[in-house]
Amino acid sequence: MKKVLVVDDSLSVARQLEKIINESGEFTCVGHAKNGAEAIKMNHLENPDIICMDMNMPGMDGLTALRSLVVLDKEVKVVMVTSLGGVGDKFTEALKLGAKNVISKPFESENVLQILREL
Amino acid sequence: MAVKFFGQFLVEKGIVSREALLKAIELQEQKNLKLGEMAVSMGYITQLDIDRAHNAQFSKDMKLGDLLVEMGILTINQLNEVITRQKNTHLYIGEALVLVGAMSSEQLQQYLDEFKIDQAPYVSERIELPAGVENGRIWEMTADLTYKMITRVLDLQFRPEKCKAVTTLESNYMMAALDMSGSVDARYILSVSKGLQKTVAKAILREESVDNESAEILEDTVMEFVNVVCGNVAAKASQMGEIININPPVTIHPSADGLPVPNGHLALCFPIHVSVGEKMDLFLIIKQ
């Protein structure tokens, strides 16, 4: 089963994503980081296959963390899950930095799982 | 379920690959000249003029075109010609995808039609603001999108009251606030009554009951709703050619007297009536 790390400063989004991931039977959530710096630490500790990460977080934001993660870990696949997905520049920047996809909030469970399956 | 741009819609639907989209964006970046580059290509200014104007931008908060005119480098007529040329020669993402072979022209038209249907729920409707409000079209769109998200995400029926300028933000059970910068300098605030906080929490957590949830989680759901609305406002603004950056949201617990509007700010209030005793207000605190 593929391991997923959730990175979002919002407790409620983390709860939603954890539920979708764990109830899928295909993925398991290995933890929740609240900002980019925590994500980098937890990626090292938990070695997830996939990271679902917000962009707009206090402290280290998602795009800054993405820059580091793709250098530190060539294997991990990062999907941005953000309310800013519809901002063309942000979407493009995320893909250019190495994100595999961008999911806009609000999201549908099936849409999240479909994107995770395609990785 | 969110405001999207065309490229994102196509990748999400699996119509084009991430790689094809990046290739098309690269082509757009080569073809679509920035204002300064276009003015140089038209022979109106030199690269040195652009460098001078960029240096001046450090001390003046002005767009490059306006600054070039103010510095006497470009006439207003030349600026208008440059902007017109930019618009007329702009390569749109769909056209770029056709050029890189990701789809045919016929498919482009078909997908554009599908995209319009997907985004139809987010087409802005007119909302009346008090006279003379700067950036009115952005605030109208912000209020309109808030209403649409209340309907679509929270599944609530409500009656919006006419927007009014206020000097005090009326108190409520809690408020979630988010600061916006870029083309605007403002704070978005949504206040909710206790009952509506639970309604928001049920919708965001997708739970039947939130009676056993902690106060922290309940507050977080209102912040997340505000974050989702404002992210979509930023997306819609970018389609209008405006840049809106958003900060992470925070909560406010107002006193019974409400919150005074800071000096130098205009506060717009959009009352939203849901049911007897349950009310939310959208406030936009705009720096003047």
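Analysis parameters
- Residues numbered from 1 in each chain as written.
- Chains lettered and ligands numbered in written order.
- Predicted model: local features only at pLDDT ≥ 70, side-chain atom pairs only at ≥ 80, totals over all residues.
- Heavy atoms only, no water.
- Helix = DSSP H or I, 4+ residues; strand = E, 2+ residues; numbered from the N terminus.
- Buried < 20%, exposed > 50% of the residue type's maximum accessible area, 1.4 Å probe, protein only.
- Contact = heavy atoms within 4.5 Å.
- Buried area = accessible area lost by both parts, 1.4 Å probe.
- Pairing = 2+ DSSP bridges.
- Domains from an automatic or database assignment.
- Axes fitted to C-alpha atoms, helices over the stretch in contact; angles between N-to-C directions.
- Left-handed = near helix turned anticlockwise from the far one by under 90°.
- Nonpolar A, V, L, I, M, F, W, Y, C, P; charged D, E, K, R; others polar.
- Salt bridge = Lys/Arg side-chain N within 4 Å of Asp/Glu carboxyl O.
- Phe/Tyr/Trp six-rings, centres within 6.5 Å; stacked < 30°, edge-to-face > 60°.
- Parallel < 35°, antiparallel > 145°, perpendicular 65-115°, else oblique.

The number of helices and strands found in chain B is eleven helices and ten strands. Summarising its shape, the C-alpha atoms of chain B cover approximately 65 × 45 × 30 Å along the three principal directions. For chain B, buried positions account for 48% of its 288 residues. The contacts in chain B between residues at least 6 apart in sequence include a share of 66% that link residues at least 24 apart.

As a further point, take the interface of chain A and chain B. Counting from both sides, the interface comprises 34 residues of chain A and, opposite them, 35 residues of chain B. The junction of chain A with chain B conceals about 3,000 Å² of combined surface from both sides, 53% of it contributed by carbon and sulfur atoms. The largest share of the area that chain A buries against chain B comes from R15, N56 and P106 of chain A, three residues that together contribute 20% of it. Contributions of two or more residues to the side of chain A that touches chain B are made by α1 (11-24), α4 (88-97), β5 (101-104) and α5 (109-117) of chain A.

Residues and elements named next belong to chain B. Summarising the sheet, strand β4 (residues 174-182) and strand β5 (residues 186-192) pair through seven bridges and their orientation is antiparallel. The residue bridging M174 from the neighbouring strand is V192, located in β5. The loop that links β4 with its antiparallel partner β5 comprises three residues. By the bridge criterion, three bridges tie β4 to strand β7 (residues 250-252) in an arrangement that is antiparallel. Counted as the bridge partner of A176 is T251 from β7. Inspection of the sheet shows β4 paired to strand β6 (residues 244-246) by three bridges, in the antiparallel sense. Paired with G182 across the bridge in β6 is I244.

So, about the environment of S59 of chain B. The residue S59 of chain B is located in the loop between α4 (47-57) and α5 (64-70) in this model. Separated by 30 residues in the primary sequence, S59 of chain B and T89 of chain B have C-alpha atoms spaced 32 Å apart.

Here we take up the domain arrangement of chain B. Segmenting chain B into domains produces domain 1 (6-121) and domain 2 (127-287). Placing a centre on the C-alpha atoms of domain 1 of chain B and another on those of domain 2 of chain B gives a separation of 32 Å.

Let us look at the packing of α1 of chain A against α5 of chain A. Residues and elements named next belong to chain A. Where α1 meets α5, the closest approach of the two axes is 10 Å, and the angle between their N-to-C directions is 60°. Crossing of α1 over α5 shows right-handed handedness. Between α1, through L17, I20, I21 and S24, and α5, the contact on the second element is made entirely by S109, V112, L113 and L116. The residue inventory of the contact of α1 with α5, partitioned by class, reads six nonpolar, two polar and no charged.

Working definition: two side chains of opposite charge can pair if their charged atoms are close together. The full count for this structure, using the stated rule, is 22 salt bridges over all chains. A salt bridge links R67 of chain A to E93 of chain A, with the nearest nitrogen and oxygen atoms 3.2 Å apart. In this pair, R67 of chain A sits in helix α3 (residues 62-72) while E93 of chain A sits in helix α4, placing the two residues 26 residues apart along the sequence. On the basis of relative accessible area, E93 of chain A is assigned to the partly exposed category, the value being 29%. By sharing partners, the salt bridges in this structure join D8, D54 and K105 of chain A together with E224 of chain B into a single network.

Residues and elements named next belong to chain B. Going through the model one piece at a time under the given rule, you end up with five aromatic pairs over all chains. Measuring from ring centre to ring centre gives 6.4 Å for F6 and F9, while their planes differ by 15°; the resulting arrangement is stacked. Of this pair, F6 and F9 both sit in helix α1 (residues 6-12), separated by three residues, roughly a single helical turn. Of the two residues examined, F6 and F9, each falls in the buried class. Through pairs of rings, three or more aromatic residues link up here, namely F6, F9 and F115.

So, about the packing of helix α9 (residues 136-152) of chain B against helix α11 (residues 215-239) of chain B. All names here are of chain B. Two elements in contact, α9 and α11, have axes whose closest approach is 10 Å; the angle formed by their N-to-C orientations is 130°. Between α9 and α11, the crossing angle belongs to the class labelled oblique. The hand of the α9/α11 crossing is right-handed. Together, M141, T142, L145, T146, M149 and I150 of α9 and F225, V229, N232, V233, K236 and A237 of α11 make up the contact between the two elements. Partitioned by chemical class, the residues of the contact of α9 with α11 number eight nonpolar, three polar and one charged.

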